[in-house]
2 protein chains.
Amino acid sequence: MVLHGPRKMPIPTHAPVRLKDIARDLDVSVMTVSKVVRGCADVGAETRKRVLARIKELNYQPNWIARSLAGRRTYIIGLVVPDLMHSFFAEVAKGISATIRPYGYDVVICNSEENAGVESSEIDRLLARQVDGLILASAQNPSSTEIFERIEARGVPYLMVDRHFAGRNASYVGADDEVIGRLATEHLIARGCRRIAHIAGPQITPGVGRLKGYRQALAAAGIEAPDSFVVSATDDASGYEAALRLLRLDPRPDGIFGYNDPVAAGAMKAILEHGIGIPAGIKVIGAGNVHYSDLLRVPLSTVDQASNAIGRQAAEILIKAITSKRKKAPQTVLVEPTLIARESTGD
Amino acid sequence: MVLHGPRKMPIPTHAPVRLKDIARDLDVSVMTVSKVVRGCADVGAETRKRVLARIKELNYQPNWIARSLAGRRTYIIGLVVPDLMHSFFAEVAKGISATIRPYGYDVVICNSEENAGVESSEIDRLLARQVDGLILASAQNPSSTEIFERIEARGVPYLMVDRHFAGRNASYVGADDEVIGRLATEHLIARGCRRIAHIAGPQITPGVGRLKGYRQALAAAGIEAPDSFVVSATDDASGYEAALRLLRLDPRPDGIFGYNDPVAAGAMKAILEHGIGIPAGIKVIGAGNVHYSDLLRVPLSTVDQASNAIGRQAAEILIKAITSKRKKAPQTVLVEPTLIARESTGD
DNA sequence: CTGAAAGCGCTAACAC
DNA sequence: GTGTTAGCGCTTTCAG
């Protein structure tokens, strides 16, 4: 007498197989199948074998949406970056996703376009999707804490990368920007530069820290730099413009430290177009070690900021925060940068 | 008599607000609130106003997991690319996510590391997460159709970008690679090159198409090229090596068309290191117009492949496939490339 | 070791 | 206009 349908079901082609289907086929309860799927120990060896066989046969895939709803964990973490096109963030993203994958997590990446409003709404979406954690390279104004409060109200663990927000009750992973500024500037000094300019970045922690490091290194060496030696830019185009301004100065700088590689590359373009040699006339150094720095007109010296390591560490910390019951105190991890000397600061 | 709890609930700090909470507070049914949230018309103006007010007050955010389970739509589309670090894919990703966002969709990006096995398992994960659609720049072996069959068995709409798979029953959006090959080669010919080499890409459709275009252009111009003039590479490092091989040839090429910009940039590095001038000694052109091409040792001529447009169109087509009931025939969209002449092919 | 009961938070389909 | 009834596919809890 057939109570539960045939034992051998055909391989389905459209509607996904459910636990229920397997349970029915095998005359066991849904619970038992569920336990096998999740690898619980309390299932008889024989039963487990039969279930496993049928699972393979039907190519059963758990429905993560249902699992998430019932289990109140989505195994998704959200990442918000200002610009995926910037290789630094692409690399951080790669480091994060490679690290969390083995834990069963996936990452949803959002672009804020360097806009605080867009960022907030992205975060809200991510929260609505019930992400288990959040990693942010935030474009918020340092003084606005509203969105962070919203995250905290939801009790979702989050962590900042690249940009530090003072006072936020969240961990931070980033490069040691002061060290970057110091390494770069000291290198220029060691190469004989005495009139060292800096193309500073935006008023976010990396920009501020690198500028600070630049000043520290100059002070330590007893070198003075006029205010006009510090200009600012954010990308290759504005780096080009900024360099133009520096070139009009008298005396002209003999060394330029660019906030990041694109800025430095843009500056090099301007310098070369003015018929000034690099490194003969002006030496240039950047930061970030983007992968194409070696292919530029003049291979660009730079300070590597271990983007991938930043991603990996951030992911590691967040996973820990998610899986541990009691919340630990927020921590700050500064990844050590390393100098990479190339032709642009050669002799 | 208090049957339903206090009318004024405190603003909750941890457990997210649910439809149920709002319904209870306002003494209406969950359905009514749900309808208001989704903007259904059949709700009284007065009721709607009260609901809306309470929603704002409590900062209610719909739980998308629950919504997805009940509604059988996740509003998530999956994207699998071989390498996010490659700016082409980053740009495609950006185009896709910008396009689908207004429709309420988010994108989950996965990296296949150019590995078919990794790709398959990523796709399975995405399927398990019940994505509504899939966009693939696939690293599968052209002859293996297994993973595509699995997608089709699930009835999930999918679409290929960048790499075309013959015989697959899916739409395709990509650059017109033959035209890219032709434009680049014709440009070198127009600049006076007669011994034109090609650093070909891998055996996937873009590589194959560009090589074909290269051959077409040469044939059309009545120019012969020995077999040794076609070498292959995949990135800047191997492009450098490939160029080294070309430089040992006699007669030596006077023009080189690189499969993509990184390859061409690597080739330029090799050429310059050999003391040969660009464009005086050898002219070089790439493809892809990566954003730093203009900053290279010699600004690189290239063929732009409209990466962003590829992403946008792909997204557009997929959304249509998802939202339309009856499935339309798969279509092929070839985005027109455009030549960008810079110094590397100058006079 | 196995399973029944009770949801997770929401929406579809239909009554009132 | 509004509310009821039934789930979506899974997990949690706890009884057998």
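Please read these numbers as outputs of a predicted model, since none were measured by experiment.

### Some details on the overall build of chain A
Link 1 in the chain: Of regular secondary structure, chain A possesses twelve helices and twelve strands.
Link 2 in the chain: Whereas a compact globule of 347 residues would reach a radius of gyration of roughly 20 Å, chain A reaches 27 Å, over 25% beyond that.
Link 3 in the chain: Taken along its principal axes, the extent of the C-alpha atoms in chain A is 100 × 40 × 30 Å.
Link 4 in the chain: Counting every position in chain A, which comprises 347 residues, the buried fraction comes to 50%.
Link 5 in the chain: Here the contacts in chain A between residues at least 6 apart in sequence split such that 73% fall between residues at least 24 apart.

### Focus: the protein's contact with DNA strand D
Link 1 in the chain: The immediate surroundings of DNA strand D are formed by 25 residues, with Arg18, Leu19, Ala66 and Ala70 of chain A together with Gly44 of chain B found nearest.
Link 2 in the chain: Secondary-structure elements contributing two or more residues to the surface near DNA strand D are helix H1 (19–26), helix H2 (30–38) and helix H4 (64–71) of chain A together with helix H2 (30–37) and helix H4 (64–71) of chain B.
Link 3 in the chain: Classifying every residue of the surface near DNA strand D by side-chain character gives 13 nonpolar, seven polar and five charged.

### Notes on the interface of chain B and chain A
Link 1 in the chain: Of the residues lining the interface, 40 residues belong to chain B; the matching set on chain A comes to 40 residues.
Link 2 in the chain: Looking at the side of chain B that touches chain A, the elements that each hand over two or more residues are H4, helix H5 (87–100), strand E2 (106–111), helix H6 (116–128), helix H7 (146–154) and helix H11 (261–273) of chain B.
Link 3 in the chain: The residue makeup of the side of chain B that touches chain A, split by class, is 19 nonpolar, eleven polar and ten charged.

### A closer look at the environment of Glu146 of chain B
Link 1 in the chain: Mapped onto the elements of the fold, Glu146 of chain B is located in helix H7.
Link 2 in the chain: Between the alpha carbons of Glu146 of chain B and His274 of chain B there is a distance of 47 Å; along the sequence they are 128 residues apart.

### Here we look at the sheet that holds strand E7 (residues 230–232) of chain B
Residue and element names in this part refer to chain B.
Link 1 in the chain: Taken together, the four strands give an open sheet; going across it, the order is E7-E6-E8-E9, and neighbouring strands pair in parallel fashion. In this open sheet, the two edge strands, each paired with only one partner strand, are E7 and strand E9 (283–285). Going across the sheet, the axis of each strand differs from the next one's by a mean of 20°, ignoring polarity.
Link 2 in the chain: Two elements, strand E6 (residues 196–200) and E7, share three bridges in a ladder whose sense is parallel. In the sheet register, Ile199 faces E7, and the bridge partner there is Val231.
Link 3 in the chain: Here helix H9 (residues 205–221) sits on the sheet and contacts E6 and strand E8 (255–258); the angle it forms with E6, its principal contact strand, is near 170°.

### Thoughts on unusual backbone geometry
Link 1 in the chain: A cis amide bond links Ile278 of chain A to the next residue, Pro279 of chain A, at an omega of 10°.
Link 2 in the chain: Note that Pro279 of chain A resides in the loop between helix H11 (261–273) and strand E9 (283–285).
Link 3 in the chain: Cis geometry marks the peptide bond from Asp250 of chain B to Pro251 of chain B, where omega comes out at 0°.
Link 4 in the chain: Inspection of the secondary structure puts Pro251 of chain B in the loop between helix H10 (236–247) and E8.
Link 5 in the chain: The residue Glu113 of chain B is not glycine, and still its phi comes out positive at about 55°.
Link 6 in the chain: On the secondary structure map, Glu113 of chain B appears in the loop between E2 and H6.
Link 7 in the chain: Judged by C-beta crowding, with 15 C-beta atoms within 10 Å, Glu113 of chain B ranks as partly exposed.

### Some remarks on the pairing of strand E1 (residues 76–81) of chain B
Sheet faces and side chains relate simply in a regular strand, where the side chains alternate between the two faces.
Residue and element names in this part refer to chain B.
Link 1 in the chain: The buried count for E1 comes to six of six residues, which makes it a mostly enclosed element.
Link 2 in the chain: Burial along E1 is two-sided: the face carrying Ile76, Gly78 and Val80 and the face carrying Ile77, Leu79 and Val81 are both buried.
Link 3 in the chain: In terms of strand pairing, E1 meets E2 through six bridges, oriented parallel. Following the sheet pairing, Leu79 is matched in E2 by Ile109.
Link 4 in the chain: Traced from E1 through H5 to E2, the parallel crossover comes out right-handed.
Link 5 in the chain: Taken together, the four bridges between E1 and strand E3 (residues 133–136) define a ladder with parallel strand orientation. Pairing of Gly78 across the sheet is with Leu134, part of E3.

### Topic: the domain arrangement of chain A
Residue and element names in this part refer to chain A.
Link 1 in the chain: Per the domain assignment, the segments of chain A are domain 1 (19–69), domain 2 (73–174 + 307–335) and domain 3 (177–305 + 339–345).
Link 2 in the chain: Centre-to-centre, using C-alpha coordinates, domain 2 lies 30 Å away from domain 3.
Link 3 in the chain: Facing the seven residues of domain 2 at the interface are seven residues of domain 3.
Link 4 in the chain: Along the lines of polarity and charge, the residues of the side of domain 2 that touches domain 3 split into two nonpolar, three polar and two charged.

### Considering the protein's contact with DNA strand C
Link 1 in the chain: Around DNA strand C there are 25 residues in total, and Gly44 of chain A together with Arg18, Ser34, Ala66 and Ala70 of chain B lie nearest to it.
Link 2 in the chain: Listing elements by their share of the surface near DNA strand C, those giving two or more residues are H2 and H4 of chain A together with helix H1 (19–26), H2 and H4 of chain B.
Link 3 in the chain: By residue number, the principal contributor to the surface near DNA strand C is H4 of chain B, which donates five residues.
Link 4 in the chain: Counted by class, the surface near DNA strand C contains 13 nonpolar, seven polar and five charged residues.

### Digging into helix H12 (residues 307–323) of chain A
Link 1 in the chain: Given a rise of 1.5 Å per residue, 17 residues ought to cover 24 Å, and the 25 Å separating the end C-alpha atoms of H12 of chain A matches this to within 8%.
Link 2 in the chain: Looking at H12 of chain A, one finds that the buried residues are Ser307, Ile310, Gly311, Arg312, Gln313, Ala314, Ala315, Ile317, Leu318, Ile319 and Ala321 of chain A.

### Description of the relation of the copies chain B and chain A
Link 1 in the chain: Mapping chain B onto chain A calls for a screw motion: a turn of 180° about the axis and a shift of 0.0 Å along it, with 0.1 Å RMSD after fitting. Here the two chains are linked by the operation of a two-fold rotation axis. Minimal C-alpha separation from the rotation axis in chain B is found for Arg297 of chain B, amounting to 1.2 Å.
Link 2 in the chain: A symmetric contact is evident, with 100% of the interface residues of chain B recurring at the interface of chain A.

### What about the sheet that holds E3 of chain B?
Residues and elements named next belong to chain B.
Link 1 in the chain: Spatially, six strands are ordered E2-E1-E3-E4-E5-E11 in an open sheet, and the strand pairing comes out parallel. Two strands in the sheet have a free side with no partner beyond their single neighbour: E2 and strand E11 (332–335). Across the sheet, the mean angle from the axis of one strand to that of its neighbour is 15°, orientation sign disregarded.
Link 2 in the chain: Strands in contact with H5 are E1, E2, E3 and strand E4 (158–161); relative to E1, the strand with the most contacts, it is inclined by about 170°.

Cut-offs and rules
- Every chain is numbered on its own, with residues counted from 1 as its sequence reads.
- Chain letters and ligand numbers both follow the written order, the letters beginning at A and the numbers at 1.
- Local features in a predicted model are, by the rule used here, given only for residues with pLDDT of at least 70; side-chain atom pairs are given and counted only at 80 or more, and totals for whole chains, interfaces and linings are based on all residues.
- The helix and strand labels rest on DSSP assignments: H or I over at least four residues marks a helix, E over at least two residues marks a strand, and numbering proceeds from the N terminus.
- Only C-alpha atoms enter the radius of gyration; for comparison, a globular chain is expected to reach 2.2 Å times N to the power 0.38, where N is the number of residues.
- Field definition: a residue is buried when 20 or more other C-beta atoms are found within 10 Å of its C-beta, exposed when 12 or fewer are, and partly exposed for counts in between, with C-beta atoms placed from the backbone.
- Once C-beta atoms have been placed from the backbone, residue pairs whose C-beta atoms lie within 7 Å are recorded as contacts.
- What makes a residue near a molecule or strand is its C-beta atom, placed from the backbone, lying within 6 Å of it.
- Only Asp, Glu, Lys and Arg are considered charged, only Ala, Val, Leu, Ile, Met, Phe, Trp, Tyr, Cys and Pro nonpolar, and every remaining residue, Gly among them, polar.
- Should DSSP find at least two bridges between two strands, the strands are regarded as paired.
- To define axes, lines are fitted to C-alpha atoms, for helices over the stretch in contact only, and angles between the resulting N-to-C directions are given on a 0 to 180 degree scale.
- The definition of a right-handed crossover adopted here requires that, viewed with the strands pointing away, the path from the first strand over the helix to the second runs clockwise.
- Note that domain bounds follow an automatic or database assignment of domains.
- A helix is expected to span 1.5 Å for every residue after the first.
- We superpose the copies by least squares over the C-alpha atoms of residues that have a pLDDT of at least 70 in both of them.

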